[in-house]
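Remarks on the overall topology
For reference, the chains in residue letters:
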Amino acid sequence: MYVNRVHGFQAVAKAHSGAQARRVLERTPVDLLLLDLYLPDGHGLQLARSLRAAGHHADVIAVTSARDLAVVREGVSLGVVQYVLKPFTFSTLRDRLVRYAEFRTAAGEASGQDEVDRALASLRAPRPASLPKGLSAPTLDRVITTLRAAPEGLSAASAAESAGLSRITARRYLEHLVESGRAVRAPQYGQVGRPELHYRWVTI
């Protein structure tokens with residue numbers, strides 16, 4: 001869903017295991033593979049290594065919760081061009097995809113070292129995702145983590161308590177997630193009084 005919202009990109013296939021990914025790639029050529037490193041039948045880098053050995057040249061963006069820098073270094077040698085750490089927002093993935101597109105469309109001969117450096121920088125140096133004034137990325141990540149951990153949904157008060165924020169602050173971030181399409185809200189009726197709004201993460 002996120003990929004298809006980025007201009008110039010189309011998700012052409014989805015696989016739930018390394019074996020399924022291999023079968024898909026045998027019949028469907030792709031330019032870019034979004035690869036989870038923890039697959040039910042092996043590590044994602046093992047899949048990347050076997051794909052390279054089989055002659056597949058798709059670039060890889062690792063989508064993972066792994067933060068081991070040794071794994072990051074190994075991934076670079078196997079064609080992993082970007083890492084997106086879970087949990088992530090649409091704006092984070094969009095930034096990585098847009099930068100990848102800029103890198104892929106660079107053509108011609110570089111005039112010198114500066115131009116080569118700029119081409120690589122477009123891929124390696126992520127822009128900070130833009131947020132509305134007064135919102136910060138670290139706090140947003142805390143709210144997202146809290147919301148994703150509660151598939152049944154949370155009220156602003158419950159989210160605030162779990163994330164260690166004030167109720168007003170938590171509600172601002174929850175409303176931002178609703179406005180950006182990453183969460184939904186619905187009234188939950190109790191026994192007395194007005195209904196309370198509950199927020200729920202939209203599963204991709």
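Here the structure is shown first, and the text comes after it.
In short, a report on the structure. (Residues numbered from 1 in each chain as written. Predicted model: local features only at pLDDT ≥ 70, side-chain atom pairs only at ≥ 80, totals over all residues. Heavy atoms only, no water.)

For the rest of this paragraph, the subject is the nonpolar core. Ranked by internal contacts, the top residues of the largest apolar core, which has 32 residues, are Phe 9, Leu 93, Leu 97, Leu 147, Leu 174 and Leu 177. Those elements that place two or more of their residues in this core are β4 (59-64), β5 (80-85), α4 (90-105), α6 (137-148), α7 (156-163), α8 (167-179) and β8 (196-201). With near-sequence residues (within four places) excluded, Leu 174 lies in contact with Val 143, Leu 147, Ala 156, Ala 159 and Tyr 199. Leu 33, Ala 48, Ala 62 and Tyr 83 belong to the second-largest nonpolar core, a separate cluster that totals 17 residues. (Core = buried A, V, L, I, M, F, W, Y, C linked by side-chain atoms within 4.5 Å. Buried < 20%, exposed > 50% of the residue type's maximum accessible area, 1.4 Å probe, protein only. Helix = DSSP H or I, 4+ residues; strand = E, 2+ residues; numbered from the N terminus. Contact = heavy atoms within 4.5 Å.)

As a further point, take the pattern of salt bridges. Under the definition given, this model contains 5 salt bridges. As a salt-bridge pair, Arg 49 and Glu 74 come within 2.2 Å of each other at their nearest N and O atoms. In this pair, Arg 49 sits in helix α2 (residues 44-53) while Glu 74 sits in helix α3 (residues 69-77), placing the two residues 25 residues apart along the sequence. Classification of Arg 49 as partly exposed rests on a relative accessible area of 38%. Since its relative accessible area comes to 31%, Glu 74 is described here as partly exposed. A salt bridge links Arg 185 to Glu 175, with the nearest nitrogen and oxygen atoms 2.5 Å apart. (Salt bridge = Lys/Arg side-chain N within 4 Å of Asp/Glu carboxyl O.)

With that out of the way, let us pick up the packing of helix α1 (residues 18-27) against α2. Remark: α1 packs on α2, axes separated minimally by 10 Å, with the N-to-C direction vectors making an angle of 30 degrees. Between α1 and α2, the interaxial angle falls into the category roughly parallel. Pair α1 / α2 crosses with right-handed handedness. Facing α1, whose interface residues are Gly 18, Ala 21, Arg 22 and Leu 25, α2 presents Leu 47, Ser 50 and Leu 51. Within the contact of α1 with α2, the residues separate by chemical class into 4 nonpolar, 2 polar and 1 charged. (Axes fitted to C-alpha atoms, helices over the stretch in contact; angles between N-to-C directions. Parallel < 35°, antiparallel > 145°, perpendicular 65-115°, else oblique. Left-handed = near helix turned anticlockwise from the far one by under 90°. Nonpolar A, V, L, I, M, F, W, Y, C, P; charged D, E, K, R; others polar.)

Pairing between the strands of a sheet comes from backbone hydrogen bonds, and it takes one of two forms, parallel or antiparallel. Strand order in the open sheet formed by 3 strands is β1-β4-β5, with parallel pairing between adjacent strands. Here the strands that pair on one side only, and so sit at the sheet edges, are β1 (32-35) and β5. Taking each pair of neighbouring strands and ignoring which way they run, the sheet shows an average axis angle of 20 degrees. In this sheet, β4 lies alongside β1 in parallel orientation, the contact comprising 4 bridges. Within β4, the residue paired with Leu 32 across the bridge is Asp 59. Together, β1, β4 and β5 form the strand contacts of α2, whose direction differs from that of β1 by roughly 155 degrees. (Pairing = 2+ DSSP bridges.)

Turning our attention to the pairing of β4. Extensive coverage of β4 is indicated by the burial of 6 of its 6 residues. Because side chains alternate across β4, one face comprises the buried residues Asp 59, Ile 61 and Val 63, and the other comprises Val 60, Ala 62 and Thr 64, equally buried. The sheet contact formed by β4 and β5 spans 5 bridges and is parallel. Residue pairing in the sheet places Ala 62 in a bridge with Tyr 83 of β5. Remark: the β4/α3/β5 crossover connection has right-handed handedness. (Right-handed = clockwise from strand over helix to strand, strands pointing away.)

Everything listed is a geometric property; what it means functionally is a separate question.
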